[in-house]
Amino acid sequence: MSTLTEPALTGAWELPDELVALRDTVRRFMQAEVHPLEATLPHDAAGLPRDLLLPLQAKARNLGLWALQTPEEYGGAGLSVLGQAVVLEEASRCRMGAFFPALGAFGGNPPVVLYGASKEQWARFGQPVLDGTTTKPYTAISEPTGGSDPARAIQLKAVRDGDHFVLNGAKMWTSHAADADFGIVYARTGEGRDGISAFIVEKDTPGLTINRIDVMASFSPYELHFDEARVPVANLIGEEGQGFGQASSTLVTGRILYAAGPIGIAQRALEMACSWAKDREVFGGRLADKQGIQWMLVDSEVELRAARLLMYQAAWNADLGKDVRVDASVAKMYGTEAAFRVVDRCIQIHGALGLADELPLERWFRDLRVKRLGEGATEVQRVVIARDLLK
Ligand SMILES: Cc1cc2nc3c(=O)[nH]c(=O)nc-3n(C[C@H](O)[C@H](O)[C@H](O)COP(=O)(O)OP(=O)(O)OC[C@H]3O[C@@H](n4cnc5c(N)ncnc54)[C@H](O)[C@@H]3O)c2cc1C
């Protein structure tokens, strides 16, 4: 796997051979192992039950598909950003979409903030994620006061009391919180940006309650209430006040990779729409022969090509060590918005069947709607791009 850390698209905008081989391995694995399994699951299944996940993980591990995002020095495969994008894109071409890779099918990747954790914290919390013996941790930044501007919106208070911090306040919209054995929670220990700290919060923390929030997506995020919740000082990551910097350092690469799932999903939707248009008869001919339908397919193809190249370019530049803050915003914004438009058109081409839960299209439509808000909403990406344009 070490050669995969080499960045690079070749001059002709082709993936390097080892990434083509990796993509083909993921494709074969998805077709042989995941697609048949998914057919047995409920329409909105957001992940696999442990008795199905563990054997699948063992097969993935045998193929070398394990902890791909985690750097080699922390025990992972240390895939390049471009390699990660390729794997996530390919593995999201399934009914579960981006949930499938995100929830640990290819091994857990510890939250990046744990790379700065102490040896004890890594052994207790990071390593079990890597080994696949604990569930995927959540990350709680957003609060009832907002998610776009966390430096101001984070109000959850953490006050030192002996060898504990006492937490009071709430987090909102935290994905997977109820299923996780622990999460990374950002709380206020002082004023301004330098007054935010990152804590490892364990599931059974006294004073912590977790309530589900129903939203239009195929999964539910959660609200976390902290009422005099006592978190050991040993669970503070790094120093007090370093939380904002820790969170920001993971943001840029995260935005590039966030586009990969939607692009993979939309590609699969487009393939389904092409196939349906060739089979369906209307007004005495094939749907595929109607120019109005062809144009929807063509617009989708062009937008997807553009989205993919923007994402690959951002990933490639990240691997070269360039400043990719703007590239990442362009890739995230265009990728998620284009994927949403593509799936919408593909539903239209399928007619009523596009809305039925027999097909994954309506589920993808709901999940892609969320992607336009998560990891920095479209407007937040526009702020980043505008700031650069107008500086
Ligand atoms: C299903 C789901 C799962 C989520 N999972 C997580 C999670 O695991 N962890 C977590 O911390 N958060 C999570 N979130 C929260 C998500 O990150 C926030 O919803 C997002 O950051 C936006 O914050 P907000 O909803 O508070 O909107 P606000 O910040 O209140 O913004 C409202 C609107 O204003 C726009 N806006 C903001 N600033 C500007 C500006 N300068 N100019 C123009 N428009 C602007 C925003 O884009 C948005 O459209 C999740 C959300 C959902 C729906």
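Since we're looking at a predicted model, the values are computed, not measured. (Residues numbered from 1 in each chain as written. Predicted model: local features only at pLDDT ≥ 70, side-chain atom pairs only at ≥ 80, totals over all residues. Heavy atoms only, no water.)

For the chain, per-residue confidence averages 93 on the pLDDT scale, and residues scoring 70 or more make up 97% of the total. Ignoring residues within four places in sequence, the model shows residues 1–7, a span with pLDDT below 50, making 20 contacts including any to other chains. (pLDDT = per-residue confidence, 0-100. Contact = heavy atoms within 4.5 Å.)

Attention now goes to the pattern of salt bridges. The final tally for this structure, using the stated rule, is 21 salt bridges. A salt bridge links E33 to K59; the shortest N-O distance between them is 3.1 Å. Of this pair, E33 sits in helix α1 (residues 17–38) while K59 sits in helix α2 (residues 50–62), placing them 26 residues apart in sequence. K59 gets classed as partly exposed once you look at its relative accessible area, which sits at 39%. Salt-bridge contacts for R93 lead to E271; the nearest nitrogen and oxygen are separated by 2.9 Å. Of this pair, R93 sits in the loop between α3 (81–91) and α4 (99–102) while E271 sits in helix α8 (residues 260–279), and the two are 178 residues apart along the sequence. Look at E271 and you get partly exposed, because its relative accessible area is 34%. (Salt bridge = Lys/Arg side-chain N within 4 Å of Asp/Glu carboxyl O. Helix = DSSP H or I, 4+ residues; strand = E, 2+ residues; numbered from the N terminus. Buried < 20%, exposed > 50% of the residue type's maximum accessible area, 1.4 Å probe, protein only.)

On to the state of the cysteines. One pass over the full model with this rule turns up 0 disulfides. In this structure C94 is not part of a disulfide, and its nearest cysteine sulfur, from C346, lies 16 Å away. Note on C346: no disulfide assigned, nearest cysteine sulfur contributed by C274 at a separation of 7.6 Å. (Disulfide = S-S within 2.5 Å.)

The subject of this paragraph is the packing of aromatic side chains. All chains considered together, the criterion is met by 9 aromatic pairs. Plain terms: the ring middles of Y74 and W122 are 5.1 Å apart, the flat faces sit at 55 degrees to each other, and that makes the pair tilted. Placement of Y74 in the loop between α2 and α3 and of W122 in helix α5 (residues 119–131) is noted, with a sequence separation of 48 residues between them. Exposure remark for Y74: the relative accessible area of 25% places this residue in the partly exposed category. Judged by relative accessible area, W122 falls into the buried class, the value being 14%. Ring geometry for F340 and F365: centres 4.8 Å apart, planes at 25 degrees, overall stacked. Separated by 25 residues along the polypeptide, F340 in helix α10 (residues 325–350) and F365 in helix α11 (residues 361–371) bring together distant segments of the chain. Linked through ring pairs, F29, F100 and F106 together constitute an aromatic cluster. Taking NZ or CZ as reference, R372 lies 4.6 Å from the ring centre of F340, over its face. (Phe/Tyr/Trp six-rings, centres within 6.5 Å; stacked < 30°, edge-to-face > 60°. Lys NZ or Arg CZ within 6 Å of the ring centre and 35° of its normal.)

One can read the domain layout of the chain as domain 1 (2–131), domain 2 (138–237) and domain 3 (246–389). Across the contact, 13 residues belong to domain 1 and 12 residues belong to domain 2. Counting each side, the surface lost to burial between domain 1 and domain 2 is near 1,100 Å², with a carbon and sulfur contribution of 69%. Our count for the contact surface shared by domain 1 and domain 2 stands at 1 salt bridge. (Domains from an automatic or database assignment. Buried area = accessible area lost by both parts, 1.4 Å probe.)

A few words on the nonpolar core. Judged by nonpolar contacts, the single largest core of 70 residues is most densely connected at F29, M30, F100, F106 and M311. When residues in this core are grouped by element, the largest group, 10 residues, is from α10. Split by domain, this core shows at least three residues from each of two domains, domain 1 (2–131) and domain 3 (246–389). W66, A117, A198 and I200 belong to the second-largest nonpolar core, a separate cluster that totals 21 residues. (Core = buried A, V, L, I, M, F, W, Y, C linked by side-chain atoms within 4.5 Å.)

For the rest of this paragraph, the subject is helix α12 (residues 378–389). Its 12 residues place the ends of α12 16 Å apart at the C-alpha level, agreeing with the 16 Å of an ideal helix rising 1.5 Å per residue. Of the positions making up α12, those classed as buried are T378, V380, Q381, V384 and I385. Among the structural elements, α7 (243–258) and α10 are those in contact with the buried residues of α12. (Expected span 1.5 Å × (residues − 1).)

Sites flagged by UniProt as "domain: Acyl-CoA dehydrogenase/oxidase N-terminal" (unreviewed entry) map to residues 17–132. Spanning residues 17–132, this segment combines 54% helix with 0% strand, and its end C-alpha atoms are found 29 Å apart. (UniProt positions renumbered as here; feature names shortened; annotations may be inferred.)

What follows deals with the side chain of R363. Checked against the element boundaries, R363 lands in helix α11. Classification of R363 as buried rests on a relative accessible area of 0%. Leaving out residues up to four positions away in the same chain, R363 has contacts with H43, D44, A45, A46, R95, M96, F99 and S218.

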